[in-house]
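Structural description and commentary
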Number of protein chains: 2
Amino acid sequence: MGTSANAAAGGRGNPVDKGVDYAQYFCTYAFLYHQKEMLSDRVRMDAYFNAIFENKHHFNGKTVLDVGTGSGILAIWSAQAGARKVYAVEATKMSEHARSLVRANNLQNIIEVIEGSMEEITLPEKVDVIISEWMGYFLLRESMFDSVICARDRWLKPTGVMYPSHARMWMAPIRTGIGDHKMGDYQSAMDDWHNFVDETKTYYGVDMSTLTKPFSEEQRKYYLQTSLWSNLHPHQVIGTAAIIKEIDCLTATVNDIEKVRSKFSLAITMDNMKLCGFGGWFDVHFRGRGEDPAEQEIELTTAPSVDCGTHWGQQVFLLHPPTHVSEGDNLTISFLMSRSKENHRLMEVELGCEIQQHSGKLLAPSKHKYYIE
Amino acid sequence: MGTSANAAAGGRGNPVDKGVDYAQYFCTYAFLYHQKEMLSDRVRMDAYFNAIFENKHHFNGKTVLDVGTGSGILAIWSAQAGARKVYAVEATKMSEHARSLVRANNLQNIIEVIEGSMEEITLPEKVDVIISEWMGYFLLRESMFDSVICARDRWLKPTGVMYPSHARMWMAPIRTGIGDHKMGDYQSAMDDWHNFVDETKTYYGVDMSTLTKPFSEEQRKYYLQTSLWSNLHPHQVIGTAAIIKEIDCLTATVNDIEKVRSKFSLAITMDNMKLCGFGGWFDVHFRGRGEDPAEQEIELTTAPSVDCGTHWGQQVFLLHPPTHVSEGDNLTISFLMSRSKENHRLMEVELGCEIQQHSGKLLAPSKHKYYIE
């Protein structure tokens, strides 16, 4: 399946096939139900609403580009905040609904909806502001920021401003019952497999035991190594959180984000705990630019929260088995996230963990492979 | 999104893009978990096992082609039944597992596993038997039979035999509680939508009411018009079943199956019932060919059954609202199933229903559109 695998690989020197990219990625955004889910995320909506309306000086009389406009919401707010002209680009047929919404809100003289990908469309002019809600799970899943970078390099004026202006990836040690569930599911799947192999030999005369190893690898990957969506409670965070990556949206290149490589420390702050894994999340900030700052800096965070959870949740990376830790223990984490060869919008993570107990004793380091699917 | 939509359309004169076809269809078959599900279907396994081993005369010393070999099971049985040579063709990387299974069962001198699509690969010779498990939900979902036809036209000897030899699509009137659930889900989705429109106007100053109509169409399609998988109990069948389509696997062309057009009658046999919709299923038979018949004819049916359910279940097409019917009422059904423009492996159904009550009174006819996704 050489051709098909490469078709989704993407990345420079290996362009993604448009049809495959649509079948694997874009198509979900063509559904109103999916748009509604994002539009119903009040934390997300409030952050962008406030970022725009508390910083009208960035929009009033200015030109704006909304990358991946979806329903058109950010374009509409930009126009309502006084923009002279807004270009709202959307790759899917959702653009037709955006156009209808623009008209229904009387903004067709300001907002031009353009159906197409950022990489292909042409604008009549450069813009003062690029606004986009491009963040995926754990920030970079979906690799949509590549399209924002493309938009910025082609269409942002030298004096232009990015909304948001900054982004960060975070990680913290956590406890969770999910790990035990998933291990149970994995073990059930393997028990079931062994019965299946016995029965297939007995009743059908075919020995399938040679497939046990690849089956267990497939199931291990599915149940134990694939990061999970979760809405973590702050009490599940058992230590300090660390910044894995910081992105300046004005200057970051695709090269900067293709591989995320980091080494950081996490201190355990709760005593007598099970370290069940790690939670990953992100935040973005709307700060404007040095020479043209926001009047009101706005933060959108997806950190574990009681009341302010978002549709992004956090990504959970499980440790099997969990490790007993104590207050004062220190974790040295080496983190490497890269794009999947088969699909540049999905990620693979190699995580190394070395625990130094508060006594000073160093435990044997461990290595873990994860898939963000 | 012209390019991407066409890329999946398929059909003659509009070839399917390989990468898109893989992303949308083939990829699920590359998972051992999915193969195991099919291999664990005892009704399916027993039918093919018996079809082969009770008709060894068709296999002994003969050449066989297994179209879409998956794990290789049919190829292995064919070899065990005495085939001289078996070509096992598989489009996904599952072919590597098939090769490993062949070797583990000591059949590498008989079975040659070939990775590729039937449309592209070349065999060194024509074959005596083409065996394949190609049937999708309601028989033709997935349109895999196209590949079997291609294999037959290119590689079957003039005296060759098809396994299975015949296939039929069936439909019957049913009662089910699922319809009420789905209507409830749809109504909840719409209630939620109306709240969402109010809140978005109140808190965010954007009027989304123009999207109510497309949203309701999208939700209607999802909840009410998409056929459902179900394992129907025979007691849910409230009338006679009718054959919609008969296929002779030796002679059928793609043209014969691209559109399935039929008019048939269904008699209600239970009194004072709610007609909630229709159940669709299929059967296949292993009869050999006229000049070289099976010694033991085997049937594989997916009709509603207490003990012999299969992983195919039946497809349920709901009527909203349900209609009250009585014993002796007669339904005249016009049925047209065609391939989806966006994806030739998915189907659209136009179903017309005219009820003649046992008194002779004719009720107003109704028309319904369904999607087999």
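Residues numbered from 1 in each chain as written. Chains lettered and ligands numbered in written order. Predicted model: local features only at pLDDT ≥ 70, side-chain atom pairs only at ≥ 80, totals over all residues. Heavy atoms only, no water.

Now for the overall build of chain A. Secondary structure summary: chain A contains ten helices and 15 strands in total. Whereas a compact globule of 373 residues would reach a radius of gyration of roughly 21 Å, chain A reaches 23 Å, a difference of no more than 12%. Principal axes of the C-alpha set define a box for chain A whose edges measure 70 × 55 × 35 Å. Counting across all 373 residues of chain A, residues that qualify as buried make up 56%. Taking the intrachain contacts of chain A between residues at least 6 apart in sequence as the baseline, contacts between residues at least 24 apart amount to 75%. Counting every atom, chain A has about 15500 Å² of accessible surface; 48% of that belongs to carbon and sulfur. Charged side chains in chain A number 37 positive and 47 negative. The centres of these two groups are separated by 4 Å. (Helix = DSSP H or I, 4+ residues; strand = E, 2+ residues; numbered from the N terminus. Rg over C-alpha atoms; globule rule 2.2 N^0.38 Å. Buried < 20%, exposed > 50% of the residue type's maximum accessible area, 1.4 Å probe, protein only. Contact = heavy atoms within 4.5 Å. Areas by Shrake-Rupley, 256 points an atom, 1.4 Å probe, with all protein chains shown as cover. Lys, Arg positive; Asp, Glu negative; His and termini not counted. Charge placed at Lys NZ, Arg CZ, Asp CG, Glu CD.)

A few words now on the relation of the copies chain A and chain B. The two copies are related by a screw motion: chain A maps onto chain B through a turn of 180° and a shift of 0.0 Å along the axis, at an RMSD of 0.0 Å. Accordingly, the operation relating the two chain copies is best matched by a two-fold axis. Among all residues of chain A, the one whose C-alpha sits closest to the rotation axis is V20(A), at a distance of 2.3 Å. A share of 100% of the interface residues of chain A reappears at the interface of chain B, consistent with the copies meeting face to face through the same patch. (Least-squares fit on C-alpha atoms with pLDDT ≥ 70 in both.)

What follows is about the sheet that holds strand β13 (residues 330-339) of chain A. By definition, the strands of a sheet pair up through backbone hydrogen bonds, in either a parallel or an antiparallel sense. Residues and elements named next belong to chain A. Pairing in this open sheet of four strands is antiparallel, and the strands run β9-β13-β14-β15 from one edge to the other. This sheet does not close on itself; its edge strands, each paired only once, are β9 (259-267) and β15 (366-372). Going across the sheet, the axis of each strand differs from the next one's by a mean of 20°, ignoring polarity. Relative to β15, strand β14 (residues 347-356) is paired through seven bridges, and the arrangement is antiparallel. Its bridge partner being in β15, E350 is matched across the sheet by K369. (Pairing = 2+ DSSP bridges. Axes fitted to C-alpha atoms, helices over the stretch in contact; angles between N-to-C directions.)

Right, let's talk about the confidence of the model for chain A for a bit. In the predicted model, chain A carries a mean pLDDT of 94, and the fraction of residues at 70 or more is 96%. Scored below 50 in pLDDT, residues 1-13 of chain A shows 35 contacts in the model against residues more than four places distant or in partner chains. (pLDDT = per-residue confidence, 0-100.)

What follows is about the side chain of T302(B). Locating T302(B) in the fold gives a position in the loop between β11 (292-301) and β12 (314-325). Sequence-distant contacts of T302(B), that is, excluding residues within four places in its chain, are made with W281(B), F282(B), T310(B), W312(B), G313(B) and Q314(B).

Residue and element names in this part refer to chain A. Domain annotation of chain A identifies domain 1 (22-165), domain 2 (169-176 + 228-372) and domain 3 (178-225). The partner domain 2 presents 49 residues to the 40 residues of domain 1 that form the contact. Between domain 1 and domain 2, the buried area comes to about 3800 Å², and carbon and sulfur atoms account for 65% of it. Three residues stand out in domain 1 for area buried against domain 2, namely Y137, F138 and S165, and they jointly supply 21% of the buried area on that side. (Domains from an automatic or database assignment. Buried area = accessible area lost by both parts, 1.4 Å probe.)

The next subject is the side chain of Q219(B). Positionally, Q219(B) belongs in helix α9 (residues 212-223). Dropping the residues within four chain positions of it, Q219(B) is found in contact with Y33(A), Y186(B), A189(B) and L224(B).

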